[in-house]
Amino acid sequence: MKSLRFLSLRFLFLIILTLTVSCIAGRLGAQLGNKPYRAVMDTDGVQQINILAGDYFFKPNHIIVKVNVPVRLVVRVERGIVPHGLVLKALEANISIDEDLSREFHTFIFTPSAPGRYAFYCPKKLFFFKSHREHGMEGVLEVVE
Ligand SMILES: [Cu+2]
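Everything in this summary refers to the structure shown in the same document. Please read all numbers here as calculations on a predicted model, not as lab measurements.

### Let's talk about the nonpolar core
- One finds Ile 49, Ile 51, Phe 58, Val 65, Val 75, Met 137 and Leu 141 to be the most contacted residues of the largest nonpolar core, which totals 21 residues.
- At the level of secondary structure, the elements contributing two or more residues to this core comprise strand E3 (47-54), strand E4 (57-59), strand E5 (62-66), strand E6 (71-77), strand E7 (84-90), strand E10 (116-121) and strand E11 (138-144).
- Leave out the neighbours within four places in its chain, and Met 137 touches Tyr 56, Phe 57, Phe 58, Tyr 121, Cys 122 and His 132.

### Focus on the environment of Val 87
- Mapped onto the fold, Val 87 is located in strand E7.
- Given 16 C-beta atoms within a 10 Å radius, Val 87 is considered partly exposed.
- Between the C-alpha atoms of Val 87 and Ile 97, which are 10 residues apart in sequence, the distance is 5.3 Å.
- Every residue in contact with Val 87, bar those within four places of it in the chain, is listed here: Ile 97, Asp 98, Phe 120, Tyr 121 and Pro 123.

The rules behind the values
Residues numbered from 1 in each chain as written. Predicted model: local features only at pLDDT ≥ 70, side-chain atom pairs only at ≥ 80, totals over all residues. Core = buried A, V, L, I, M, F, W, Y, C linked by C-beta atoms within 7 Å. Buried ≥ 20, exposed ≤ 12 C-beta atoms within 10 Å, placed from the backbone. Helix = DSSP H or I, 4+ residues; strand = E, 2+ residues; numbered from the N terminus. Contact = placed C-beta atoms within 7 Å.

Have a look at this one:
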């Protein structure tokens, strides 16, 4: 009886350890796996970008697009209980996005009209806690010639 209990305790400990390690690895992966990502030119002449949004990241978080070429930005939202949003305000480049990411997929179409580096982020914040942006849920859209 005693050894059984010891075994189940060990099992429980292993599960907790596994969960902790995978959680930390996931966070690290979200940060490290973020190399600059160049938009792919679609056959219809649109620059296609797919990003994943979740707690609390955008992946990739550094996107490079060409100026004066239409962009189709598709955001897939990871399932979770925390609501997220996307803000990308770059009026000088003719981009204005401010939307709740309430569905699984969101598509934004715009044509960046000026080169530069423009921040995008999640504007959500719960009471006195740090904002999602402060948690790392932000990125850069780099518009190049
Ligand atoms: Cu968020």
